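Letter by letter, the chains look like this.
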Amino acid sequence: MSEQDPSPRDRSNDLAISRRDALRISAAATGASLAGFGKTMAAAQPMPVALPGMSLTVHFQVNGNHIETLVDPRASLLDVLREQLALTGAKKGCDHGQCGACTVHVDGRRVASCLTLAAKVEGRQVLTIEGLSLEDGSLHPMQQAFIDHDALQCGYCTPGQIMAAVACVQEGHASSDAEIREYMSGNICRCGAYVGIVAAIRDAAVTMGGD
Amino acid sequence: MQTFTYSRARSINELRAVQAATGDRILAGGTTLYDLMKLRIETPDRLVDVTGIAGLDEIISHPDELVFGALVTMSDAAAHPAVLQRAPVLAEALSKAASQQLRNMATLGGNLLQRTRCAYFRNGTEYPCNKRTPGSGCAALEGLDRGHALFGGSGSCIAVYPGDWAVALVALDAVVDVRGSRGTHTIDVASLHRLPGDTPHVETVLEPDEMILNIRVPVGRLAQASTYHKIRDRESYAFALVSAAVALELEEGFVRQARIALGGVATRPWRVPAAEAGLTGRRLDRATALEVGRMTFADARPGRHNGFKIALGAEAVADALMIAAQRSENR
Ligand SMILES: Cc1cc2nc3c(=O)[nH]c(=O)nc-3n(C[C@H](O)[C@H](O)[C@H](O)COP(=O)(O)OP(=O)(O)OC[C@H]3O[C@@H](n4cnc5c(N)ncnc54)[C@H](O)[C@@H]3O)c2cc1C
Ligand code: SF4
Ligand code: FES
Ligand code: FES
């Protein structure tokens with residue numbers, strides 16, 4: 001790992017661990033069981049961010065708050081949000097990218113947080129359903145539209161639906177019912193509230209127009 | 001899930017160094033690899049995250065070639081104006097795959113190397129599976145084979161290659177630039193994936209330490225009059241039952257050149273040169289298109305539950321040819 005960080009503000013910078021962390025981790029890595037590890041390090045080789053059984057520190061923003069937390073390298077963003085940060089809005093439906101219940105935004109793009117390694121959000125901005133309401137505490141137009149159109153039954157899929165729907169509108173993929181259905185197909189609703197969901201998005205797209 | 005070492009490479013040189021020293025497994029979007037690690041089918045003990053490597057997340061539109069960095073996301077490629085205009089088959093193959101959430105995460109390089117969705121493979125040690133545990137047998141051969149291959153299967157494995165993007169790429173004769181201990185070299189996408197043979201667990205011709213850097217696609221009249229037609233169990237967000245990637249060059253209604261590749265029905269992306277030759281020089285109308293569609297499936301070897309894909313596939317190819325022909329006229 002080179003002494004200096006590459007200068008342009010690009011994604012590689014955001015992902016790079018700070019030198020202080022790298023040192024702290026590599027210091028820990030020279031413990032008894034891993035004593036030989038340092039010898040295998042070539043000059044230009046990236047410093048491991050986490051070794052087996054070790055936690056790694058990730059720094060990121062959630063709903064505008066700076067977070068620094070230790071995570072297991074195996075942990076998903078979904079598990080860190082729910083188990084460590086007590087943000088239980090995003091739901092675990094399938095844990096395999098198939099249902100959309102865990103949808104959150106990372107750097108403004110919707111993703112499946114169950115298939116996102118928490119280690120990958122270093123330096124990123126995460127938005128969850130808890131951070132969606134407006135500063136004065138009033139509901140986001142999409143939340144209001146879901147209420148107005150009765151776009152749910154049990155509500156389990158709803159936080160994921162709403163986060164996906166907000167992104168769907170922001171991406172410009174809500175110009176017709178057919179387009180809404182296509183771009184919302186990653187969010188399964190076991191209660192079958194789809195008619196209300198499409199109506200809510202159609203409505204909120206108009207309200208959000210100035211976005 | 002077992003524990004693993006996690007590191008981040010910020011340049012190809014860093015990646016090369018870590019590969020040479022400790023042979024870490026590449027992690028891109030993780031939508032295949034992390035998924036299969038949760039299922040304990042993949043058990044890497046070292047992962048190197050390559051998504052921070054600069055310079056591999058661009059699409060460049062040259063006069064006769066589109067170049068895709070391996071780290072471009074599926075969603076960015078699907079929405080790129082040059083891709084939509086110059087090679088619609090590529091944009092459609094991407095936008096009809098997975099969901100927008102996954103397309104925002106998944107990379108074009110990782111996509112090529114996604115693994116089969118065979119339920120016996122994914123469901124764990126309860127079932128024999130030569131791909132998961134070499135030598136254990138194949139549960140699908142005597143089991144439910146509705147989703148399994150009509151082409152390219154062996155007595156060891158009949159699992160379908162599930163991706164869409166690679167099918168569109170082979171239709172356009174695309175190549176990948178690869179870097180690893182053998183140096184930098186170029187491979188046709190058509191020869192990237194292996195037939196299962198006796199070693200279904202060996203899926204590609206890549207060495208473990210090789211990284212795909214770029215995907216390059218020749219584009220011209222043929223690529224412009226192209227389409228990806230995907231038939232699924234539901235309207236959206238499902239793998240292909242059968243899909244057809246088609247490109248045409250027409251001259252006054254007569255076919256000068258045709259490309260036909262199939263997805264969802266073969267153990268790897270499947271070009272059908274015999275059907276391409278059968279169409280060349282002919283006037284294209286719906287009857288001819290259907291005849292060629294049937295020709296495309298002439299060598300199909302169905303199992304017990306997937307025979308329906310022959311008629312379905314013939315219609316899909318015919319429809320794709322008619323859509324591509326329309327695009328040729330509208331040029
Ligand atoms: C619910 C669901 C539905 C899906 N539906 C579809 C669908 O309809 N159609 C479709 O085509 N796909 C579909 N997919 C598959 C998805 O497109 C792939 O998982 C994704 O494209 C893989 O890309 P990735 O960057 O996440 O790869 P990763 O998971 O990071 O990597 C996949 C493999 O490639 C290797 N690798 C990654 N990048 C490189 C590189 N540059 N060079 C060498 N090796 C590399 C990794 O080591 C790993 O073995 C679906 C996936 C899910 C979970
Ligand atoms: S078809 Fe292939 S992947 Fe599926 S059970 Fe048989 S060997 Fe395994
Ligand atoms: S829990 Fe993430 S997609 Fe189902
Ligand atoms: S409201 Fe119950 S799953 Fe959608």
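Model, not experiment: these values are computed from the prediction. (Residues numbered from 1 in each chain as written. Chains lettered and ligands numbered in written order. Predicted model: local features only at pLDDT ≥ 70, side-chain atom pairs only at ≥ 80, totals over all residues. Heavy atoms only, no water.)

Draft legend 1. Summary view of the overall build of chain A. Looking only at helices and strands, chain A has seven helices and six strands in total. Traced from its N-terminal end to its C-terminal end, chain A shows the element sequence α-α-β-β-β-α-β-β-β-α-α-α-α. Across the 211 residues of chain A, 51% fall into the buried class. Summarising the internal contacts of chain A: among those between residues at least 6 apart in sequence, 54% fall at separations of at least 24. Summed over its atoms, the accessible surface of chain A is roughly 9,800 Å², and 52% of this surface lies on carbon and sulfur atoms. (Helix = DSSP H or I, 4+ residues; strand = E, 2+ residues; numbered from the N terminus. Buried < 20%, exposed > 50% of the residue type's maximum accessible area, 1.4 Å probe, protein only. Contact = heavy atoms within 4.5 Å. Areas by Shrake-Rupley, 256 points an atom, 1.4 Å probe, with all protein chains shown as cover.)

Draft legend 2. Quick look at the overall build of chain B. When helices and strands are counted, chain B shows 13 helices and twelve strands. Rg of the C-alpha trace for chain B: 20 Å, near the compact-globule value of 20 Å for 331 residues, within the 12% margin. Referenced to the eigenvectors of the C-alpha coordinate spread, the extents of chain B come out at roughly 60 × 50 × 35 Å. Across chain B, the fraction of contacts at a sequence separation of at least 24, relative to all contacts at a separation of at least 6, is 65%. As displayed, chain B has an accessible area near 12,500 Å², and 49% of this comes from carbon and sulfur atoms. (Rg over C-alpha atoms; globule rule 2.2 N^0.38 Å.)

Draft legend 3. Structural view of the domain arrangement of chain B. In terms of domains, chain B is made up of domain 1 (1-53) and domain 2 (221-330). Here domain 1 of chain B and domain 2 of chain B have C-alpha centroids that lie 37 Å from each other. (Domains from an automatic or database assignment.)

Draft legend 4. Spotlight on the site of ligand 1. In the vicinity of ligand 1 there are 32 residues, among which Ile-26, Thr-31, Thr-32, Thr-107 and Asp-164 of chain B approach most closely. The local environment of ligand 1 is shared, drawing residues from chains A and B. In this structure, Asp-164 of chain B approaches ligand 1 through a side-chain N or O atom, which is 2.7 Å from a nitrogen atom. The separation between an oxygen atom of ligand 1 and a polar side-chain atom of Lys-230 of chain B is 3.0 Å. Considering ligand 1 on its own, with 980 Å² of exposed area, one finds that the protein chains cover 96% of that surface. (Near = heavy atom within 4 Å. Polar contact = N/O pair within 3.5 Å; in protein donor to acceptor, adjacent residues only side chain to side chain.)

Draft legend 5. Up close: the site of ligand 2. Not every one of the 14 residues close to ligand 2 is listed here, only the nearest: Cys-118, Cys-129, Cys-138, Cys-157 and Ile-158 of chain B. For the shell around ligand 2, a count of residues per class yields ten nonpolar, three polar and one charged. (Nonpolar A, V, L, I, M, F, W, Y, C, P; charged D, E, K, R; others polar.)

Draft legend 6. How the structure looks around the packing of helix H12 (residues 286-296) of chain B against helix H13 (residues 308-329) of chain B. All names here are of chain B. Two elements in contact, H12 and H13, have axes separated by 7 Å at closest approach and are oriented at 135°. By the angle between their directions, the pair H12 and H13 is classed as oblique. Here H12 runs over H13; the crossing is right-handed. Seen from H12, the contacting residues are Arg-286, Ala-289, Leu-290, Val-292, Gly-293, Arg-294 and Thr-296; seen from H13, they are Ala-314, Glu-315, Val-317, Ala-318, Asp-319, Leu-321 and Met-322. Grouping the constituent residues of the contact of H12 with H13 by class yields eight nonpolar, two polar and four charged. (Axes fitted to C-alpha atoms, helices over the stretch in contact; angles between N-to-C directions. Parallel < 35°, antiparallel > 145°, perpendicular 65-115°, else oblique. Left-handed = near helix turned anticlockwise from the far one by under 90°.)

Draft legend 7. Spatial organisation of the interface of chain B and chain A. Listed by partner, the interface residues are 46 residues for chain B and 56 residues for chain A. Surface buried jointly by chain B and chain A totals about 4,100 Å² across both partners, of which 54% is contributed by carbon and sulfur atoms. Sorting the residues of chain B by area buried against chain A places Arg-8, Arg-10 and Gln-101 of chain B first, and these three jointly supply 20% of that buried surface. Inspection of the chain B/chain A interface yields three salt bridges. Put simply, Lys-120 of chain A and Asp-49 of chain B hold a salt bridge, and the shortest N to O gap is 3.2 Å. Put simply, chain B and chain A have 22 residue pairs in polar contact (both at pLDDT 80 or more) between them. Going through the elements one at a time, strand E1 (5-8), helix H1 (12-22), helix H2 (33-38), strand E3 (46-49), helix H3 (74-78) and helix H6 (100-105) of chain B are the ones with two or more residues in the side of chain B that touches chain A. Taken together, the residues that form the side of chain B that touches chain A break down as 15 nonpolar, 18 polar and 13 charged. Here strand E1 (residues 48-50) of chain A runs beside E1 of chain B; their pairing, made up of two bridges, is antiparallel. Bridging across to E1 of chain B, Pro-48 of chain A finds its partner in Ser-7 of chain B. (Buried area = accessible area lost by both parts, 1.4 Å probe. Salt bridge = Lys/Arg side-chain N within 4 Å of Asp/Glu carboxyl O. Pairing = 2+ DSSP bridges.)

Draft legend 8. Spotlight on helix H5 (residues 158-171) of chain A. Residue and element names in this part refer to chain A. In a regular helix each residue adds 1.5 Å, so 14 residues correspond to 20 Å; H5 covers 19 Å between its end C-alpha atoms and thus fits that length. For H5, the full list of buried residues reads Thr-158, Pro-159, Gly-160, Gln-161, Ile-162, Met-163, Ala-164, Ala-165, Val-166, Ala-167, Cys-168 and Val-169. Residue Gly-172 follows H5 closely and has a positive phi angle near 85°. (Expected span 1.5 Å × (residues − 1).)

Draft legend 9. Layout of the confidence of the model for chain B. The predicted model of chain B averages 96 in pLDDT, with 99% of residues at 70 or higher. Overall fold confidence (pTM) sits at 0.92, and the ipTM for the predicted complex is 0.96. (pLDDT = per-residue confidence, 0-100.)

Draft legend 10. Quick look at the confidence of the model for chain A. In the predicted model, chain A carries a mean pLDDT of 83, and 77% of its residues have values of at least 70. Predicted confidence for residues 1-43 of chain A stays below pLDDT 50, and this span has 61 contacts to residues more than four positions away or in other chains.

Draft legend 11. Molecular detail of the pairing of strand E4 (residues 103-106) of chain A. Residues and elements named next belong to chain A. The alternating pattern of E4 places Thr-103 and His-105 on one face and Val-104 and Val-106 on the opposite face, and all of these are buried. Pairing of E4 with strand E6 (residues 125-127), which is carried by two bridges, proceeds in the antiparallel orientation. Looking at the pairing, His-105 lines up with Leu-127 of E6.

Draft legend 12. Broad picture of helix H7 (residues 194-207) of chain A. Along its 14 residues, H7 of chain A runs 20 Å from first to last C-alpha, staying within 8% of the 20 Å computed at 1.5 Å per residue. Elements that come into contact with the buried residues of H7 of chain A comprise helix H4 (141-148), H5 and helix H6 (177-183) of chain A.

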